[in-house]
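Understanding the architecture of this molecule
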Amino acid sequence: METANAEADHNAFCSTELATNKQTRENKAAKAEDLAATADKLTADIALLAEEITKLADDIAKIMAEQAEATKLRSDEKAVNAQTVADAKDGQEAVERAIKILREFYAKADSSFVQEPYKGMQDVKGGVLGMLEVCLSDFARLETETSMAEEEAQSSYEKFMAESTESKEVKEVAKEHKEGNRADAEADLRATKKELSLTQEELDKALEYYGVLKADCLDTGLSYQERVKGREEEIQSLQEALRILQGEDIA
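Quick look at the structure, then. (Residues numbered from 1 in each chain as written. Predicted model: local features only at pLDDT ≥ 70, side-chain atom pairs only at ≥ 80, totals over all residues. Heavy atoms only, no water.)

Describing the overall build of the protein chain
Basically, it comes down to this: The helix count covers DSSP runs of H or I at least four residues long, the strand count covers runs of E at least two residues long, and both are numbered beginning at the N terminus. Partly exposed describes any residue whose relative accessible area lies between the buried limit of under 20% and the exposed limit of over 50%, with all areas from a 1.4 Å probe on protein chains only and scaled to the type maximum. Should any heavy atoms of two residues lie within 4.5 Å, those residues are considered in contact. In this description, accessible areas are obtained by the Shrake-Rupley approach with a 1.4 Å probe, and a residue is regarded as covered only by the protein chains that are shown.
Across its full length, the protein chain carries three helices and zero strands. Listing the helices and strands of the protein chain from first to last along the sequence gives α-α-α. Relative to its full complement of 251 residues, the protein chain shows a buried share of 19%. In the protein chain, the share of contacts with a sequence separation of at least 24, taken over all contacts with a separation of at least 6, comes to 89%. Split by element, the accessible area of the protein chain, about 17700 Å² in all, is 56% carbon and sulfur.

What to know about the pattern of salt bridges
When charged atoms on two side chains of opposite charge get close, those side chains can pair. For the record, the criterion: Salt bridges are defined as contacts in which a side-chain nitrogen from Lys or Arg sits within 4 Å of a carboxyl oxygen from Asp or Glu.
Applying the stated criterion across every chain, the model contains 15 salt bridges. Between Lys 171 and Asp 59 there is a salt bridge whose closest N-O contact spans 3.7 Å. Linking Lys 171 in helix H2 (residues 125–218) with Asp 59 in helix H1 (residues 2–110), this pair joins segments that are 112 residues apart in sequence. Overall, the relative accessible area of 23% leaves Lys 171 in the partly exposed class. Residue Lys 72 is joined to Asp 76 by a salt bridge in which the shortest nitrogen-to-oxygen separation is 3.2 Å. Remark: Asp 76 and Lys 72 occur in helix H1; sequence separation between them is four residues, near one turn of the helix. A relative accessible area of 37% means that Asp 76 is categorised as partly exposed.

With respect to the state of the cysteines
What counts, and what does not: Note that a disulfide, as used here, is simply two cysteine sulfur atoms within 2.5 Å.
Here the structure, examined in full by the defined rule, presents one disulfide. Disulfide pairing places Cys 14 opposite Cys 217 at an S-S distance of 1.9 Å. When the S-S torsion is -70°, as for the bridge of Cys 14 with Cys 217, the disulfide is left-handed. Placement of Cys 14 in helix H1 and of Cys 217 in helix H2 is noted, with a sequence separation of 203 residues between them. For the pair Cys 14 and Cys 217, one class covers both residues: buried.

This is the structure in structure tokens:
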């Protein structure tokens, strides 16, 4: 009876522990699998964010380089245009002075009271003055066209700078946002890996304990039911033997 009671207690212990251990192993294995999948996804997300951040950084650097180049070209072009306008103005002033001098000279020659006034290049004065007036018109047109070209170039430059600056700022915001996401993902990955490590340790302990339970509760040769049946048959045989020894008729 003591052996039967002890074995019944042991069987109850084994049944409870095996069931609990099985549940623990299944839970820990499932949790470890989920954590491993989460870690893999976080790792992939971090890698993708890193690529996107690098591309945004490259795009921002490219915009800044283009702005620097455009600013240099604009500065050079502005200097050339300014010099062209200044030269055109100087040319106009010089031609205007030449025209004034020639007109005064020819007017003086035409109105002279000398019996035989100096005719000089009177025959070609119209051609000379006409040529100078064409030069004056050319200088004026050059000044106007250069000034208009400068205004258009400056307007285009300012438009490009405004649009590219807006694009750069949008990319900088996106880059900052993605850097924050990457930092969060990296923190989540560290926490996930730590939890996965602890879960794996708990699973390993549960597996180790299952080995102990298996040796003690399962690998015993006979099942609990078979041992109970064997013990009952043994008790019956002992009782029959006892009756024989006591001279009882067991027929």
